[in-house]
Structures are given as structure tokens and as C-alpha cells.
Amino acid sequence: MSYKASFRVWRGDDTGGGLQDFTVEVNEGEVVLDIIHRLQATQASDLAVRWNCKAGKCGSCSAEINGRPRLLCMTRMSTFTEEEVITVTPMRTFPVIRDLVTDVSFNYTKAREIPSFTPPADLKPGEYRMQQVDVERSQEFRKCIECFLCQNTCHVVRDHEENKEAFAGPRYLMRIAELEMHPLDVADRRDAAQDEHGLGYCNITKCCSEVCPEGIHITDNALIPMKERVADRKYDPIVWLGNKLFRRDK
């Protein structure tokens, strides 16, 4: 069964743009990305959209649908009524390149700023040993498909462009937490998380967790535990006294 749906799609580039109205056919079982492809095929051949797998695993087709950050390929048309006007816009936090395609290089810059996994110097490949509980703890974080929806919805950078230089965002603070929790990682990442990557900017609103297509509990399982580790280092009175007495912070 098919019907005609009303779409409003943002068209433009880095110099400006606006919403353009379309009426397009929708068939049973389709997702929003199917409709965008139909628009390209029938009405707007120059419409730019980033996508790859169409299976919710590459993270390429991130956009905002009716104002909510979502994957185009994982948003079923059946979630909307036939009378509803569906608005599709690019991710707001990142600069527009063209139409629904944004420049997400900010995220790769932040990724490069995080020191990689650092095992003990005398531990050779093949000698790594971990408890199953430690494997399971970090496995959740490795489900990340780097769609950057969490980065896009985080109001610390979404509403404050000036914070981007000092704030890694939830995706990369989660990466730091994953490494800090790893039993074979010997690097101490707590001070860097706070001082270099802006962990203190996060006020745990959980908006990042709410939009994660993989259902990762970013706030509860990564950011809050990391904040607790930083608090133990910086604000525990016994640790503070020990640092003063033995000058451990020097």
C-alpha cells in the first residue's frame, strides 16, 4: 500500500539555504533514506546525502528528522502518520557542506588528540589476559558506529561554538573512559580527561544516550564513572592531603 507524503528537506550549502517542499510516494516498509533516494531519482537529482550501508552500521546517514538527530536508514516511515509533514535537515552542530551533508572533521580531530591504548612495556602481544567482566564492561562502548549523533545533540557544543576547542564530546570522552577502565592500559587518563578534553563541561543530561542508535548508555556507564574517578583524584580530602604531603602532583 502506498501513499503521498509531504516532505520538507533542507537545501543549500555553506553560504546559506532553506527548506524545500516535496510530495513523494511512500511504499510499505520503507525508511526515510528510501524516500530521500526517491527524491534524488525523481525530483532533485542534485540532492546531496551521505550514506553507505543502509543497515544502521556505518553511521553515515546521520541527520535530523523533525528536529531529532537520527539515522535516515533506521527511521521507518511507519512511525509517522500519512498526514504528517516530515522535515529532514542536516546535523546542526557541524558546518554544512551541501544539503544534508555536514563537515564532521571536528570529530576526527578530537579522536587524534586521545593517546592510544598503552599496555605495559614488558607485556608482549599474545600475553594479554583479562577477566571476562572487564571484557564485557568495555564491549558496550565498542558498539559505537561513529554516527556522531551524540556529538551533534550534546548542547555543550551544539549551542556553544566556543566550547569546541576545549571539549571532546561524549563519543570521545567515552573512548577515554573505555581506556581508563581497561585493566591493561597503564596510562593515567583522569587529569587529561578533565583538563584537556573538557569532562567538566558535561552536566550529564543524558541527551547523548537518548539518541544513540546502538543503545549505548554513554552517560551512566562511561561519563559518570569517569567523573567519579576524576573527583576521587581532585576532591577526595585524603588524596588531597597526600598530594600536599608527598607532592605527588609534581
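The structure this text deals with has already been given above.
Below: a short report on this structure.

Definitions and limits used
- Per chain, residue numbering runs from 1 following the sequence as it is written.
- At least 70 in pLDDT is required for a residue's local features to be given in this predicted model, at least 80 for side-chain atom pairs to be given and counted, and no such filter applies to totals for whole chains, interfaces and linings, which use all residues.
- Each side-chain value is worked out from all heavy atoms of the structure, with water and hydrogens disregarded.
- Counting from the N terminus, the helices are DSSP H or I runs at least four residues long and the strands are E runs at least two residues long.
- For the exposure calls, accessible area comes from a 1.4 Å probe over protein chains only, and a residue counts as buried if that area is under 20% of its type's maximum, exposed if over 50%, partly exposed in between.
- Should any heavy atoms of two residues lie within 4.5 Å, those residues are considered in contact.
- Here the accessible surface of atoms and residues is derived via Shrake-Rupley with a 1.4 Å probe, and residues count as covered only by protein chains that are part of the display.
- By the counting scheme adopted, Arg and Lys are positive, Glu and Asp are negative, and His together with the chain ends is not counted.
- Lys charges are placed at NZ, Arg charges at CZ, Asp charges at CG and Glu charges at CD.
- Salt bridge criterion: a side-chain nitrogen from Lys or Arg within 4 Å of a carboxyl oxygen from Asp or Glu.

With that out of the way, let us pick up the overall build of the chain. Scanning the chain from terminus to terminus reveals 10 helices and 7 strands. Classification of the 250 residues of the chain by burial places 44% in the buried group. When contacts within the chain are restricted to residue pairs at least 6 apart in sequence, those whose partners lie at least 24 apart make up 62%. Taken as a whole, the chain presents about 13,400 Å² of accessible surface, with 49% of it coming from carbon and sulfur. For the chain, the separation between the mean place of its 34 positive charges and that of its 39 negative charges on side chains is 4 Å.

Moving on, we come to unusual backbone geometry. Phi is positive for Ile204, which is not a glycine, with a value near 45 degrees. Locating Ile204 in the fold gives a position in the loop between α7 (190–195) and α8 (207–211). Take Ile204: its relative accessible area is 36%, and that puts it in the partly exposed class. Although it is not a glycine, Lys206 sits at a positive phi angle of roughly 70 degrees. Residue Lys206 is classed as partly exposed on the basis of its relative accessible area of 36%.

This part takes up the pattern of salt bridges. Per the stated rule, a full pass over the model turns up 19 salt bridges. Measuring nitrogen to oxygen at the nearest pair gives 3.0 Å for the salt bridge that ties Arg158 to Glu64. Separated by 94 residues along the polypeptide, Arg158 in helix α5 (residues 155–158) and Glu64 in strand β3 (residues 62–65) bring together distant segments of the chain. When its relative accessible area of 17% is taken as the criterion, Arg158 is described as buried. A residue is classified by how much of its surface remains accessible, and Glu64, at 4% relative accessible area, is buried. For Arg189, the salt bridge is made with Asp185, and the minimal N-O distance between the two is 2.9 Å. We classify Asp185 as buried; its relative accessible area is 9%. A single salt-bridge network, built from bridges that share partners, covers Arg11, Asp46, Arg98 and Asp99.

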